[in-house]
Structures are given as structure tokens and as C-alpha cells.
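# Tertiary structure, described
Here's the letter readout for the chains.
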Amino acid sequence: MDITRLSPDDEVGCADAVALFQATHKLDCPDALLPTARGFAAHLKYGWDGDPGQAYLARDEDGTLAGVLSVELPTYDNTNLAWFEVEVHPDRRGRGLGGELLAYGEGLAEELGRTSLGLSAWDLPKADLFARRQGYEPKAIEVNRRQDLTALDWDLVQRLYDEAARAASAYELVRVSGVLPDDLLDGMVAVTASINDAPKDELDIEDDEFSPERLRAYEQAQLAHDRSLYRVIARERATGELAGHSTITVERERPHIAEQADTAVARNHRGHRLGALVKTGMLLWMREAEPALTQLDTWNAESNAHMIGINEQLGYHVVARSIAYQKAI
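Here's a quick rundown of the structure. These numbers were taken from a predicted model, which means no experiment stands behind them.

From N to C terminus, the protein includes nine helices and 12 strands. In terms of its C-alpha atoms, the protein occupies a principal-axis envelope of roughly 65 × 40 × 35 Å. The buried share of the protein, taken over its 329 residues, is 50%. The contacts in the protein between residues at least 6 apart in sequence include a share of 72% that link residues at least 24 apart. Total accessible area on the protein stands at roughly 15,400 Å², and carbon and sulfur atoms take up 48% of it. When the 34 positive and 56 negative side-chain charges of the protein are each reduced to one mean point, those points stand 4 Å apart.

Listed below in C-alpha cells is the structure:
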């Protein structure tokens, strides 16, 4: 089996990889949101926030793609970590290719001095058996939920917004489309860092480290993905201090699809229903700004009961569960 790194400029390779994802997810998780070939290439070039991912293609002797190894190597923080996803075409499963791809990734990680290895897989018995056989232990459960905006009860959204606004009368909402104004950047660094209070369960990971440069890199990466970027920010009226935010991106290639990025509230501003305020405020804004939008996806730790409670009030339904596994070199 020939294993080679995929270049983001390899249009055929990116299209082949996405076709393989479609084949595997048809069996493993039919409702999962998958990238387009353009979107996958952008991920390999820009990453989520200027920290590009890597992908390796395993082709057999006639050039047919049999498997894909995805690798994330953080550089902002957790620089001891390497994280993997392994996809093997359904026609090629049961022949050891998954283990071969994972071993290849572990070799790359060891060469780079990474000492902690992670593996993401759908919550399926065969995937769990594979991970455990490779020496990985389950550490956390992430749940993908989806909101169907075509079926959303907008009267309920307005009512929840009004209730939250009354509880948060000391705050105002600021809408930002695209990049942040310079005068909000430092405040948003602190608010964004509040995401570190979300549950990590048993994962052996450090807090994310945020800076103005990283927030700017995130903005540029999302725009380079050809996504529209929206933020709703809660600001305390008396002090001007930023207290919480909700961020989503909308694909321009598929403008009916959006992804919920962070929703976070600073610790010293909690207890005023700001989480509900920024999320419902975002929905009401998107109803005006993105009329083609029909689907909004989000991910939460299964143990994050507070945020899940807000999402369930807003009609999110579970799409799938993913297990995060880890082991040390």
C-alpha cells in the first residue's frame, strides 16, 4: 500500500478523499456533515485558525484510494499532542489497513517529538474495538447536534430571547459580521478563552491559549474557506466589558449549511442567561441575514449539561456521538 501526503492543491486527491468519506459515512454515520472537495482542500491549507491539518492517502497498486489518515498537530498549545482520524473504504476493511494507517501516523508523531496521541471515532462497536486494540483508551464523548431551521418555532425563539434579555438587562448585544473591529479584539481574546471552562472529561489536554494573532488567524482562515463569519457579543452597559459571545460560520458553497463555533460566557458574568441571549440573538439575526440557511450544526461534550439544555430548548436533535481516545508514547 502506497501512503503519501495529500497536497491541498491536488484537486483529484481531495475529490477522491471526499468520495471515500462519503462511502464510509454511508455505513458509519449517514447524517454526518462532510466537507466538499474545496472545503477539504481549504482545511489542508488554512486549518480552523491558521493551523493546517494534514491528510495521507493510502492507494493500492492500481491507484485506487483505500484509506485516508487525517492528522492534527497543534502549534498554539498542546504541542505534545498529535490527533488522528482513520477512514478505510468499506470494501477494504478487515485487512489491517486501519492499523497500518494509524501506525504510520504514530511514526510521524514520534519523529516530531509528540508524546500524547489522540484518536477520534464514531461511537460504534467496531470502532471502539479497533481503538482499544491499538492501545487507545476512551477519554471523552462529543455529541453532534443539528438544528433544522425550517422546522424551528420562531415564536419560541423570540420568547426565549425576550426572557433572556430581561434577565440580562445590564447587557447589550453587538453584532459583528466578518472581522472584529480593532477596539473589540483584546476583549474578545478574554471572552474566547472562557471556552476553557467547558468540560474536558478525562482528556489529558492543556487549556487552549488565545491571543489577538490567533483570533485574526481564525478570521482569515474562515474567510479563506469561503465562509461568512458572524458573531453576537454581549457587552456590559455600565463598563463596556465584553461578557460572552456566540459565533457561527455559513458556507458560501452550500449556503444552507452553517456551523456553530464557540458559545461562551466569561465566568464573572454568568448567571444572567447570557448564553441563551447570544444564541437566540444569533438565530434571529440569521433569519434576516441568511434566508437560505436551513441547517445549523454544533458539537458539545456530552457532559456539558448547561449548554445542551439551551440547545435542546432550541430544538437541536442528536446526529451522532464521537469518542475521543488517547494514549501516551
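After that view, the rundown keeps rolling.
The strands that make up a sheet are held in pairs by hydrogen bonds between backbone atoms, and each pair lies either parallel or antiparallel. Strand order in the open sheet formed by 12 strands is β1-β2-β3-β4-β5-β12-β6-β11-β10-β9-β8-β7, with mixed pairing between adjacent strands. At either end of the open sheet lies a strand with only one pairing partner, and these are β1 (2-5) and β7 (171-177). The sheet shows a mean angle of 25° between the axes of neighbouring strands, direction not considered. Where strand β8 (residues 227-236) and strand β9 (residues 242-251) come together, nine bridges link them in antiparallel fashion. By the bridge assignment for β9, isoleucine 233 is matched with histidine 245. Taken strand by strand, helix α4 (residues 125-133) contacts β5 (116-122), β6 (137-148) and β12 (317-328), and its axis lies near 165° from that of β5. Helix α7 (residues 212-224) rests against β8, β9 and β10 (257-265) of the sheet, and its axis sits at about 145° to β8.

The next subject is a negative patch on the surface. Taken together, the side chains of Asp204, Glu206, Asp208 and Glu209 make up a negatively charged region of the molecular surface. For aspartate 208, the position within the fold is in the loop between α6 (182-192) and α7. For aspartate 208, a relative accessible area of 30% gives the class partly exposed.

To continue, consider the environment of glutamate 206. Its location among the elements puts glutamate 206 in the loop between α6 and α7. If near-sequence neighbours (up to four positions away) are discounted, glutamate 206 is found in contact with Asp77, Asn78 and Lys200.

Tracing the backbone shows histidine 256 in the loop between β9 and β10. For histidine 256 and aspartate 148, which are 108 residues apart along the polypeptide, the C-alpha to C-alpha distance reads 10 Å.

Turning our attention to the nonpolar core. General note: in soluble globular proteins, nonpolar side chains tend to be found buried as a group. If you look at the biggest cluster of nonpolar residues, it comprises 31 residues, and the most contacted ones within it are Ile248, Leu274, Leu283 and Met286. Counting residues per element, the ones that place at least two in this core are α5 (154-167), β8, β9, β10, α8 (274-289) and α9 (305-313). Among the elements that line this core, the one with the most residues is α8, at nine residues. If we ignore the near neighbours within four places in the chain, the residues touching isoleucine 248 are Ser228, Leu229, Tyr230, Ala258, Glu259, Gln260, Ala261, Met282, Met286 and Leu296. By size, the runner-up hydrophobic cluster in this structure holds 24 residues, among which are Ala66, Ala82, Val88 and Tyr136.

Let's shift gears to the packing of aromatic side chains. Scanning the entire structure with this criterion turns up five aromatic pairs. Here tryptophan 48 and tyrosine 218 contribute two aromatic rings whose centre-to-centre distance is 5.4 Å and whose plane-to-plane angle is 50°, an arrangement assigned as tilted. Residue tryptophan 48 is located in the loop between α2 (37-46) and β2 (54-59), and its partner tyrosine 218 is located in helix α7; the two are separated by 170 residues in the primary sequence. Note on tryptophan 48: relative accessible area 41%, which makes it partly exposed. The class for tyrosine 218 is buried, based on a relative accessible area of 10%.

Turning our attention to the pairing of β8. Along β8, nine of the 10 residues are buried, which leaves the element largely enclosed by surrounding structure. Sheet topology note: the β7/β8 ladder contains seven bridges and is antiparallel. Bridging from a neighbouring strand, arginine 175 pairs with valine 232 of β8. The turn linking β8 back onto β9 is made up of five residues, and glycine 240 within it adopts a positive phi angle of 80°.

In this structure, aspartate 201 takes a positive phi of about 55° despite not being glycine. Along the polypeptide, aspartate 201 turns up in the loop between α6 and α7. Classification of aspartate 201 as partly exposed rests on a relative accessible area of 38%. The backbone phi angle of aspartate 226 is positive, close to 65°, even though this residue is not glycine. Following the sequence through the fold, aspartate 226 ends up in the loop between α7 and β8.

For the structure shown, the criterion picks out 26 salt bridges. Residue glutamate 290 pairs with arginine 252 through a salt bridge whose shortest N-O separation is 3.1 Å. Placement of glutamate 290 in the loop between α8 and β11 (295-301) and of arginine 252 in the loop between β9 and β10 is noted, with a sequence separation of 38 residues between them. Given the relative accessible area of 7%, glutamate 290 is considered buried. Arginine 252 gets classed as partly exposed once you look at its relative accessible area, which sits at 31%. One connected set of salt bridges, linked through shared partners, spans Asp182, Arg216, Glu219 and Arg231.

Basis of the calculations
- Residues numbered from 1 in each chain as written.
- Predicted model: local features only at pLDDT ≥ 70, side-chain atom pairs only at ≥ 80, totals over all residues.
- Heavy atoms only, no water.
- Helix = DSSP H or I, 4+ residues; strand = E, 2+ residues; numbered from the N terminus.
- Buried < 20%, exposed > 50% of the residue type's maximum accessible area, 1.4 Å probe, protein only.
- Contact = heavy atoms within 4.5 Å.
- Areas by Shrake-Rupley, 256 points an atom, 1.4 Å probe, with all protein chains shown as cover.
- Lys, Arg positive; Asp, Glu negative; His and termini not counted.
- Charge placed at Lys NZ, Arg CZ, Asp CG, Glu CD.
- Pairing = 2+ DSSP bridges.
- Axes fitted to C-alpha atoms, helices over the stretch in contact; angles between N-to-C directions.
- Patch = residues over 30% accessible without salt bridge, like charges linked within 9 Å, V, L, I, M, F, W, Y side chains within 5 Å.
- Salt bridge = Lys/Arg side-chain N within 4 Å of Asp/Glu carboxyl O.
- Core = buried A, V, L, I, M, F, W, Y, C linked by side-chain atoms within 4.5 Å.
- Phe/Tyr/Trp six-rings, centres within 6.5 Å; stacked < 30°, edge-to-face > 60°.

That's the geometry; what it means functionally is another story.
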